[in-house]
Amino acid sequence: MTTNPTEPIHGRAVLAILKLLGGQSLMTLAVNRPDGRPHAATLGYMNDGLNLYFITARNSEKLSNILADPRVGVAVRGHAEEGEAVGVSMDARARVLTDMTEIEHVMGLILDRVPEIAPWAPGLGKTVVVKVIPETIEAVAVIDGRSHTQTYQIGDVEAVMADVDYEPSAVARLF
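A brief structural summary.

1. A short note on the overall build of the protein chain
Okay, step 1: Looking only at helices and strands, the protein chain has four helices and nine strands in total.
Okay, step 2: When the helices and strands of the protein chain are placed in sequence order, the string is β-α-β-β-β-β-α-β-β-α-β-β-α.
Okay, step 3: Burial analysis of the protein chain (175 residues in total) assigns 42% to the buried set.
Okay, step 4: Partitioning the contacts of the protein chain with sequence separation of at least 6, the portion at a separation of at least 24 is 70%.

What follows is the structure in structure tokens.
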């Protein structure tokens, strides 16, 4: 596996990462327990650009840990063509959404993508919506049978996304 130093994210990498995130629905989320041990869980997510969202119970261990320490790690694995992103890991910050407009937007995204979840989705009184905002993303592509990684500094996620015209069917190679 080859690794490149961290660099600012660029348009081609954003497209490759968006294609991977939009094509998957499960992530592994790692949070820090109070005693410092990691707690990892696989759960469903929805992405809106590079930000990820998930719903969790108000009384979950994940939420308790996030409220105590918002630093999280995320891993998403997918399937891709040669040179496209086959996996990403993120160092990120998580926060509970409190703005109802943003919550309704995310819930709309979820129901548009997975309408069959509606009958089983618990009410917001028992759950919260958590936003995961990436700080660095390490993307992995396979080229000639070998893994290649690149770590990107994200900076302002909204500014990064402002210049991106994303088409899910576009070819989006990392390297």
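2. Side note on helix H1 (residues 11–23)
Okay, step 1: For H1, which comprises 13 residues, the first-to-last C-alpha distance of 18 Å matches the rise-based estimate of 18 Å (1.5 Å per residue) to within 8%.
Okay, step 2: Taken as a whole, H1 has its buried residues at Ala13, Val14, Ala16, Ile17, Leu18, Leu20 and Leu21.

3. Focus: the pattern of salt bridges
Okay, step 1: Counted by the stated rule, this structure contains six salt bridges.
Okay, step 2: With a shortest N-O distance of 3.1 Å, Lys131 and Glu102 are connected by a salt bridge. A residue pair is termed long-range when its members are at least 10 positions apart, and Lys131 in strand E8 (residues 127–143) and Glu102 in helix H3 (residues 100–113) qualify at 29 residues.
Okay, step 3: What makes Lys131 buried here is its relative accessible area of 9%.
Okay, step 4: Via salt bridges that share partners, Arg95, Glu102 and Lys131 belong to a single interconnected network.

4. Quick notes on the pairing of strand E6 (residues 71–77)
Okay, step 1: Only one face of E6 is covered, namely the one carrying Val72, Val74 and Val76; the face carrying Arg71, Gly73, Ala75 and Arg77 has none of its residues buried.
Okay, step 2: Pairing between strand E2 (residues 26–32) and E6: three bridges, direction antiparallel. Within E6, the position partnered with Ala30 by the bridge is Gly73.
Okay, step 3: As defined by bridge partners, E6 adjoins strand E7 (residues 85–96) across seven bridges and the pair is classed as antiparallel. In the sheet register, Arg71 faces E7, and the bridge partner there is Arg93.

Calculation rules
Residues numbered from 1 in each chain as written. Predicted model: local features only at pLDDT ≥ 70, side-chain atom pairs only at ≥ 80, totals over all residues. Heavy atoms only, no water. Helix = DSSP H or I, 4+ residues; strand = E, 2+ residues; numbered from the N terminus. Buried < 20%, exposed > 50% of the residue type's maximum accessible area, 1.4 Å probe, protein only. Contact = heavy atoms within 4.5 Å. Expected span 1.5 Å × (residues − 1). Salt bridge = Lys/Arg side-chain N within 4 Å of Asp/Glu carboxyl O. Pairing = 2+ DSSP bridges.

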